[in-house]
Amino acid sequence: MKTNSIFGFFLLVLSMMGFVACSDVENPTIDTGLRKGSATKIEVFKDSVPVSDLSFSLGKNNVVLGVDADGEWTAELADTSWCKLLVHAGYGYTNKYTYTKLEVSKNEGDARTNTLTFRSGNVTKTIAIAQKGTGTDPNDPFMSAFTLVERLGIGYNLGNTLESNHDITNPSVLSWFNPHTVYDWETCWGQPVTTPEIINTLAQRGFNVIRVPVTWFPHMDANDNVDEAWMNRVQEVVDMVLNAGCYCILNVHHDASEYDANRGDGAHWLLADIPQYPTISVRFKHLWTQIANRFKGYDDRLVFEAFNEILSAKGEWGDPSDPTCYEAVNRLEQDFVDAVRATGGNNEYRNLLVNTYGAGSSPAKLEGMQLPVDKHPNHLFCSIHSYDPYWFCNDGGDGDDKYWLYIFDDACKQEIDDIFARIDKRFGSDFGVPYIFGEFAAGGSHVDMKERVKYAQYMKQKFAQYNTTGLWWMGLLDRKTLVWTEADIVGALLGQ
């Protein structure tokens, strides 16, 4: 009798062996259950369930198939240009499966089909294979999200600039911060006014994608209309990025953030909270409609990102205690897609970026996320943020230094490996879309530079392995003097 435990055991063995190719299984170990004679049956299983067809999303994917045959068997694909079979033959057993693995490459064209035929003696089993297509539109002027991610190099976050988020309706804030111009907001967290020279310095060193975090609520009136001077300044900075030859990611940043109950101002209004969703949704769609209309004529080097690190009304950075928070995130990201697409122009096809709850990568956060429905699914991609291992990449406070990690060792690498494996499974395999690390960095001051360089080198290695990239969270460059303050890390990320 076939059981899930037997399937799990063989899957583990196959993964450890790397799924040996056909030539490697010509002389397997033979046990008393081996059947080499004439065959009377052959059946194919996925997760211990018989299958006659397999359907795949746009992205690269793979599936392990169990073969139940009582004689020697072979397997053959009709089309090997986009499907690959790692084991082509096996023996039959009376009491267990043998296994093969089917891999499917990503699809940037029309939907496609294939057949996989298993034979044992005179018995055959045919599996129909189908992969979704992009529904290629001849009027689509934009590169797909897959192509976009392939073209992105290591990126940079223009942090502590346009995302400052003080609530100047609060008298305690006005006692120390009383802005009069957009530049007061841009510089209040210690960075200089952004100039073409700053952006060009980043671009010339090799950062070819710059994320522009923007907080909008301090610049919105009672009807949530964005102040024209602020919108103009955001557009100026976006233009600087594009004029430097870079890709640009524009988002809604600290509108979604940790709610500060001590302030009691409710300024961070964009929350993953189902009870407040009806009100939040209206405000969110209105904001994105304004942003999208301002930039609707821009080409495919400009990407919109729904929001930054959205949290529950309790400000939970871990997995939220109320699972409906995930539903709120999913609804808001659907609102984002719908609002942008409704503005028309180039926004009809613009590549749109969506995140998990808190931009985290825990199993629960990944499982809780659902991809928005979009009439142009080849223009969606996903993002997470990773400052992991946490106690290596960040400085703790209030005595937390006892947890600090000082050496980038194999345990650190394993934690990073696990994150990549999880997000590749969820985004690449389950959703069939590309993904990036919207933020990453080892910014802790307690770690020696040589160890931070090891981290940067390893992240770059993992990006290459998974055909993706990431955007470092600010630092590296003194934007006031245009001097590279962490040149070793820059070299590790971009090359000397």
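Here, the structure is the one placed above.
Residues numbered from 1 in each chain as written. Predicted model: local features only at pLDDT ≥ 70, side-chain atom pairs only at ≥ 80, totals over all residues. Heavy atoms only, no water.

Some remarks on the state of the cysteines
All told, the structure shown has zero disulfides when counted by the stated rule. Distance from the sulfur of C248, which forms no disulfide, to the nearest cysteine sulfur (C246) is 8.9 Å. Residue C248 is classed as buried on the basis of its relative accessible area, which comes to 0%. (Disulfide = S-S within 2.5 Å. Buried < 20%, exposed > 50% of the residue type's maximum accessible area, 1.4 Å probe, protein only.)

Side note on the packing of helix α6 (residues 228–243) against helix α7 (residues 277–294)
Across the interface, α6 lies against α7 with an axial gap of 11 Å and an inter-helix angle of 50°. Relative to α7, α6 is oriented oblique. Regarding α6 and α7, the two cross each other, and that crossing is right-handed. For the pair α6 and α7, the contacting residues are E228, M231, N232 and Q235 in the first and Q290, I291 and R294 in the second. Looking at the contact of α6 with α7, its residues break down into two nonpolar, three polar and two charged. (Axes fitted to C-alpha atoms, helices over the stretch in contact; angles between N-to-C directions. Helix = DSSP H or I, 4+ residues; strand = E, 2+ residues; numbered from the N terminus. Parallel < 35°, antiparallel > 145°, perpendicular 65-115°, else oblique. Left-handed = near helix turned anticlockwise from the far one by under 90°. Contact = heavy atoms within 4.5 Å. Nonpolar A, V, L, I, M, F, W, Y, C, P; charged D, E, K, R; others polar.)

A look at the packing of aromatic side chains
For the coordinates displayed, the defined rule picks out 29 aromatic pairs. Measuring from ring centre to ring centre gives 4.9 Å for F45 and Y97, while their planes differ by 20°; the resulting arrangement is stacked. Note that F45 is positioned in strand β2 (residues 42–46) and Y97 in the loop between β9 (92–93) and β10 (98–104), a separation of 52 residues in sequence. Since its relative accessible area comes to 11%, F45 is described here as buried. Look at F207 and W484: their rings are 6.1 Å apart centre to centre, the planes differ by 25°, and that puts the pair in the stacked class. Residue F207 is located in the loop between α5 (196–205) and β14 (209–212), and its partner W484 is located in strand β22 (residues 483–484); the two are separated by 277 residues in the primary sequence. Following the ring pairs from residue to residue traces out a cluster consisting of F392, F408, F420, F437, F440, Y455, Y458, F463, Y466 and W472. The ring of W269 carries R283 above its face, with NZ or CZ at 4.5 Å from the centroid. Over the ring of Y277 we find R331, and its NZ or CZ is 5.2 Å from the ring centre. (Phe/Tyr/Trp six-rings, centres within 6.5 Å; stacked < 30°, edge-to-face > 60°. Lys NZ or Arg CZ within 6 Å of the ring centre and 35° of its normal.)

Quick notes on the sheet that holds β14
Reading around the barrel, the eight strands line up as β13-β14-β15-β16-β17-β18-β19-β20 and close back on themselves, with parallel pairing between neighbours. Neighbour-to-neighbour, the strand axes of the sheet open up by a mean angle of 25°, direction not taken into account. Bridging between strand β13 (residues 155–157) and β14 involves three bridges; their strand directions are parallel. Bridge pairing in β14 links N157 to R211. (Pairing = 2+ DSSP bridges.)

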